[in-house]
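Residue-level structural notes
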Amino acid sequence: MMKSKRSRAATSPIEVANRKTDEEFIADYLLPDNAKESSWVTAWTHPRTGTKYTISLAQPANLKQEDLDTCFDLLVETSKKDYENSAGRWHPDKKLNEMRSPELRYVLVKEEETGELRGFTSLMPTYEEGEPVVYCYEVHLKPDLQGTGLGSLLMSFLTAVAVNLPPITKVMLTCFLSNARGLAFYRKLGFERDDISPVPRILRGKVIEPDYLIMSKRIRPDSESY
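Residues numbered from 1 in each chain as written. Predicted model: local features only at pLDDT ≥ 70, side-chain atom pairs only at ≥ 80, totals over all residues. Heavy atoms only, no water.

We apply this condition: UniProt positions are given in the numbering used here, feature names are shortened, and annotations may be inferred rather than shown by experiment.
An unreviewed UniProt entry lists the protein under the name N-alpha-acetyltransferase 40, with Podospora anserina given as the organism. You can read under Sequence similarities (unreviewed entry) in the UniProt record for the protein the words "Belongs to the acetyltransferase family. NAA40 subfamily."

Side note on the packing of aromatic side chains
Centre-to-centre distance and the angle between the planes together describe a pair of aromatic rings. The line we're drawing: Classification of ring pairs uses Phe, Tyr and Trp, with its six-membered ring standing for Trp, and accepts pairs whose centres are within 6.5 Å; under 30 degrees between planes counts as stacked, over 60 as edge-to-face, and the remaining range as tilted. We call a residue buried when its accessible area falls under 20% of the maximum for its residue type, exposed when it is over 50%, and partly exposed in between, using a 1.4 Å probe and counting protein chains only.
A full pass over the atoms with the stated rule returns 10 aromatic pairs. Between the aromatic rings of Trp44 and Tyr53, the centroid separation amounts to 5.5 Å while the plane-to-plane angle is 50 degrees, which identifies the pairing as tilted. The pair Trp44 / Tyr53 is uniform in exposure class, with both members buried. When the ring of Tyr186 is compared with that of Phe191, the centres are 6.0 Å apart and the planes differ by 70 degrees; the resulting orientation is edge-to-face. As far as the burial class goes, Tyr186 and Phe191 line up, both buried.

Considering helix H5 (residues 150–163)
The cut-off we apply is this: The helix count covers DSSP runs of H or I at least four residues long, the strand count covers runs of E at least two residues long, and both are numbered beginning at the N terminus. To estimate how far a helix should reach, multiply one less than its number of residues by 1.5 Å.
Relative to the 20 Å expected for 14 residues at 1.5 Å per residue, H5 spans 20 Å between its end C-alpha atoms, a close match to the ideal helical length. In terms of residue burial, H5 counts as a mostly covered element, since 13 of its 14 residues are buried.

A closer look at the environment of Lys81
Along the chain, Lys81 turns up in helix H3 (residues 65–84). Overall, the relative accessible area of 66% leaves Lys81 in the exposed class. For the pair Lys81 and Lys170, spaced 89 residues apart in the sequence, the C-alpha separation amounts to 29 Å.

Considerations on the sheet that holds strand E10 (residues 212–218)
As a reminder, the rule being used: Strands were regarded as paired on the criterion that DSSP finds at least two bridges between them.
Across the sheet, 8 strands lie side by side as E1-E2-E3-E4-E5-E6-E10-E7; this open sheet has mixed pairing. With one partner strand each, in any of the chains shown, strand E1 (43–45) and strand E7 (192–193) form the two edges of the open sheet. Pairing analysis gives 6 bridges linking strand E2 (residues 52–58) to strand E3 (residues 105–111), with the strands arranged antiparallel. The residue bridging Ala58 from the neighbouring strand is Tyr106, located in E3.

Comments concerning the pairing of E10
A large share of E10 lies buried, amounting to 5 of its 7 residues. Bridge count between strand E6 (residues 170–176) and E10: 7 bridges; the pairing is antiparallel. Bridged to Met172 within E10 is Ser216. In the sheet, E7 pairs with E10 via 2 bridges, with the strands oriented antiparallel. Within E10, the residue paired with Glu192 across the bridge is Ser216.

See below:
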(Lines give C-alpha, C1' and ligand atoms only; values in the text may rest on other atoms or scores of the structure.)
Protein backbone atom coordinates (compact mmCIF):
# COMPACT_ATOMS: atom_id res chain seq x y z
CA MET A 1 0.00 0.00 0.00
CA MET A 2 1.48 3.35 -1.06
CA LYS A 3 1.77 6.09 1.50
CA SER A 4 0.07 9.31 0.57
CA LYS A 5 2.38 12.24 -0.02
CA ARG A 6 2.22 14.92 2.62
CA SER A 7 2.15 18.53 1.48
CA ARG A 8 5.23 20.58 2.26
CA ALA A 9 4.93 22.54 5.49
CA ALA A 10 4.80 26.31 5.21
CA THR A 11 8.21 27.83 5.91
CA SER A 12 7.53 31.55 6.47
CA PRO A 13 4.84 33.71 8.11
CA ILE A 14 3.82 34.97 4.66
CA GLU A 15 3.39 31.44 3.35
CA VAL A 16 1.49 30.44 6.48
CA ALA A 17 -0.86 33.41 6.01
CA ASN A 18 -1.52 32.62 2.38
CA ARG A 19 -2.43 29.03 3.17
CA LYS A 20 -5.09 29.98 5.70
CA THR A 21 -8.78 29.75 4.94
CA ASP A 22 -10.69 32.99 4.64
CA GLU A 23 -12.16 32.47 8.10
CA GLU A 24 -8.72 31.83 9.60
CA PHE A 25 -7.27 34.85 7.81
CA ILE A 26 -9.92 37.13 9.29
CA ALA A 27 -9.54 35.64 12.77
CA ASP A 28 -5.75 35.80 12.79
CA TYR A 29 -5.01 39.08 11.00
CA LEU A 30 -8.16 41.20 11.05
CA LEU A 31 -9.77 40.20 14.35
CA PRO A 32 -7.07 38.53 16.46
CA ASP A 33 -7.60 38.44 20.24
CA ASN A 34 -4.35 40.34 20.77
CA ALA A 35 -4.85 42.69 17.82
CA LYS A 36 -2.57 45.70 17.72
CA GLU A 37 -4.98 47.14 15.19
CA SER A 38 -8.38 46.05 13.90
CA SER A 39 -10.89 47.91 11.79
CA TRP A 40 -12.68 44.87 10.38
CA VAL A 41 -16.45 45.16 10.04
CA THR A 42 -18.99 43.17 8.07
CA ALA A 43 -21.50 45.99 7.62
CA TRP A 44 -21.27 49.62 6.48
CA THR A 45 -23.87 52.34 5.98
CA HIS A 46 -23.62 55.06 3.35
CA PRO A 47 -23.29 58.32 5.32
CA ARG A 48 -25.46 60.33 2.90
CA THR A 49 -28.12 57.92 1.65
CA GLY A 50 -28.40 55.53 4.60
CA THR A 51 -28.11 52.54 2.24
CA LYS A 52 -26.73 49.48 4.02
CA TYR A 53 -23.90 47.35 2.65
CA THR A 54 -22.25 44.07 3.60
CA ILE A 55 -18.50 43.48 3.66
CA SER A 56 -16.91 40.06 3.19
CA LEU A 57 -13.54 38.50 2.41
CA ALA A 58 -12.83 35.67 -0.02
CA GLN A 59 -10.04 34.11 -2.05
CA PRO A 60 -10.61 33.74 -5.81
CA ALA A 61 -11.37 30.04 -5.40
CA ASN A 62 -14.26 30.96 -3.10
CA LEU A 63 -15.66 33.74 -5.27
CA LYS A 64 -18.73 33.27 -7.37
CA GLN A 65 -17.89 33.73 -11.04
CA GLU A 66 -20.41 36.56 -11.26
CA ASP A 67 -18.63 38.37 -8.43
CA LEU A 68 -15.25 38.05 -10.15
CA ASP A 69 -16.82 39.25 -13.39
CA THR A 70 -18.32 42.25 -11.61
CA CYS A 71 -14.97 43.09 -10.03
CA PHE A 72 -13.40 43.02 -13.48
CA ASP A 73 -16.19 45.18 -14.91
CA LEU A 74 -15.68 47.70 -12.12
CA LEU A 75 -11.95 47.81 -12.82
CA VAL A 76 -12.72 48.42 -16.50
CA GLU A 77 -15.15 51.20 -15.58
CA THR A 78 -12.71 53.03 -13.33
CA SER A 79 -9.24 52.28 -14.74
CA LYS A 80 -9.29 50.98 -18.33
CA LYS A 81 -8.36 54.38 -19.79
CA ASP A 82 -5.33 54.62 -17.50
CA TYR A 83 -4.14 51.21 -18.71
CA GLU A 84 -4.76 52.09 -22.35
CA ASN A 85 -2.70 55.27 -22.05
CA SER A 86 0.19 53.55 -20.26
CA ALA A 87 3.30 52.00 -21.78
CA GLY A 88 2.07 48.55 -20.77
CA ARG A 89 -1.29 49.07 -22.50
CA TRP A 90 -4.51 47.25 -21.71
CA HIS A 91 -4.43 43.44 -21.76
CA PRO A 92 -7.74 42.12 -20.37
CA ASP A 93 -6.75 38.44 -20.43
CA LYS A 94 -3.54 39.17 -18.52
CA LYS A 95 -5.44 41.24 -15.97
CA LEU A 96 -8.05 38.51 -15.49
CA ASN A 97 -5.33 35.93 -14.91
CA GLU A 98 -3.79 38.20 -12.29
CA MET A 99 -7.18 38.65 -10.61
CA ARG A 100 -7.46 34.86 -10.32
CA SER A 101 -4.15 34.54 -8.45
CA PRO A 102 -4.94 31.99 -5.71
CA GLU A 103 -3.17 33.91 -2.92
CA LEU A 104 -5.19 37.10 -3.42
CA ARG A 105 -7.88 38.03 -0.91
CA TYR A 106 -10.87 40.06 -2.08
CA VAL A 107 -12.83 42.33 0.22
CA LEU A 108 -16.25 42.71 -1.38
CA VAL A 109 -18.76 45.48 -0.72
CA LYS A 110 -22.35 44.59 -1.64
CA GLU A 111 -25.61 46.44 -1.27
CA GLU A 112 -27.46 44.57 1.45
CA GLU A 113 -30.92 44.70 -0.10
CA THR A 114 -30.03 43.79 -3.68
CA GLY A 115 -26.79 41.84 -3.24
CA GLU A 116 -25.20 43.98 -5.95
CA LEU A 117 -21.41 44.21 -5.73
CA ARG A 118 -20.53 47.92 -5.63
CA GLY A 119 -16.87 48.01 -4.62
CA PHE A 120 -13.86 45.90 -3.70
CA THR A 121 -10.21 45.80 -2.84
CA SER A 122 -7.77 42.93 -3.31
CA LEU A 123 -4.64 42.28 -1.29
CA MET A 124 -1.86 39.77 -0.84
CA PRO A 125 0.83 39.27 1.81
CA THR A 126 3.96 38.79 -0.29
CA TYR A 127 7.61 39.73 -0.78
CA GLU A 128 8.60 42.74 -2.83
CA GLU A 129 12.32 42.69 -3.65
CA GLY A 130 12.86 40.53 -0.57
CA GLU A 131 10.85 42.73 1.80
CA PRO A 132 7.66 41.34 3.38
CA VAL A 133 4.68 43.55 2.53
CA VAL A 134 0.93 43.58 2.10
CA TYR A 135 0.38 44.54 -1.53
CA CYS A 136 -2.82 46.27 -2.58
CA TYR A 137 -3.61 45.00 -6.06
CA GLU A 138 -6.87 46.85 -6.64
CA VAL A 139 -9.32 49.17 -4.94
CA HIS A 140 -12.36 50.28 -6.94
CA LEU A 141 -15.68 51.83 -5.95
CA LYS A 142 -18.79 52.84 -7.84
CA PRO A 143 -18.95 56.66 -8.20
CA ASP A 144 -21.69 57.06 -5.60
CA LEU A 145 -19.48 55.35 -3.00
CA GLN A 146 -16.44 57.53 -3.64
CA GLY A 147 -15.76 60.29 -1.15
CA THR A 148 -17.80 58.55 1.58
CA GLY A 149 -14.95 57.19 3.71
CA LEU A 150 -15.45 53.66 2.36
CA GLY A 151 -12.18 53.70 0.44
CA SER A 152 -10.30 54.67 3.59
CA LEU A 153 -12.06 51.87 5.49
CA LEU A 154 -11.04 49.30 2.88
CA MET A 155 -7.43 50.48 2.97
CA SER A 156 -7.47 50.27 6.77
CA PHE A 157 -8.05 46.53 6.46
CA LEU A 158 -4.72 46.19 4.63
CA THR A 159 -2.99 48.18 7.34
CA ALA A 160 -4.52 45.94 10.00
CA VAL A 161 -3.25 42.82 8.24
CA ALA A 162 0.23 44.33 7.99
CA VAL A 163 0.27 45.34 11.67
CA ASN A 164 -0.94 41.93 12.83
CA LEU A 165 1.34 39.90 10.57
CA PRO A 166 5.01 40.23 11.47
CA PRO A 167 7.46 40.40 9.72
CA ILE A 168 5.53 42.65 7.31
CA THR A 169 6.90 46.17 7.39
CA LYS A 170 4.64 48.12 5.04
CA VAL A 171 1.65 48.27 2.72
CA MET A 172 2.46 48.82 -0.95
CA LEU A 173 0.54 49.65 -4.13
CA THR A 174 0.97 50.88 -7.69
CA CYS A 175 -0.85 53.94 -9.03
CA PHE A 176 -0.85 55.45 -12.51
CA LEU A 177 0.45 59.02 -12.54
CA SER A 178 -2.57 59.89 -14.69
CA ASN A 179 -4.81 58.97 -11.75
CA ALA A 180 -4.53 62.30 -9.92
CA ARG A 181 -7.49 61.55 -7.65
CA GLY A 182 -6.03 58.21 -6.64
CA LEU A 183 -2.62 59.70 -5.92
CA ALA A 184 -4.18 62.37 -3.71
CA PHE A 185 -6.23 59.73 -1.89
CA TYR A 186 -3.21 57.52 -1.15
CA ARG A 187 -1.07 60.46 -0.05
CA LYS A 188 -3.82 61.55 2.33
CA LEU A 189 -3.63 58.06 3.88
CA GLY A 190 0.13 58.42 4.41
CA PHE A 191 1.49 56.64 1.33
CA GLU A 192 4.68 57.99 -0.20
CA ARG A 193 6.86 57.17 -3.18
CA ASP A 194 8.71 53.93 -2.47
CA ASP A 195 12.44 53.59 -3.10
CA ILE A 196 11.82 50.90 -5.74
CA SER A 197 9.50 53.13 -7.78
CA PRO A 198 10.88 53.65 -11.32
CA VAL A 199 12.73 56.85 -12.15
CA PRO A 200 13.15 58.68 -15.49
CA ARG A 201 15.67 57.03 -17.80
CA ILE A 202 17.48 58.15 -20.93
CA LEU A 203 16.98 56.07 -24.06
CA ARG A 204 18.78 57.14 -27.26
CA GLY A 205 19.09 60.66 -25.92
CA LYS A 206 15.40 60.91 -24.97
CA VAL A 207 14.15 61.07 -21.41
CA ILE A 208 11.55 58.39 -20.76
CA GLU A 209 9.28 59.24 -17.85
CA PRO A 210 7.59 56.41 -15.92
CA ASP A 211 3.79 56.43 -16.11
CA TYR A 212 3.19 54.86 -12.72
CA LEU A 213 4.32 55.26 -9.15
CA ILE A 214 5.00 52.57 -6.57
CA MET A 215 3.87 53.86 -3.19
CA SER A 216 4.18 52.49 0.32
CA LYS A 217 3.20 53.23 3.90
CA ARG A 218 5.56 51.87 6.53
CA ILE A 219 3.82 50.40 9.54
CA ARG A 220 6.79 48.78 11.29
CA PRO A 221 10.47 49.85 11.38
CA ASP A 222 12.92 47.42 9.82
CA SER A 223 14.40 46.91 13.27
CA GLU A 224 11.09 45.35 14.37
CA SER A 225 10.88 42.87 11.50
CA TYR A 226 11.07 39.22 12.46
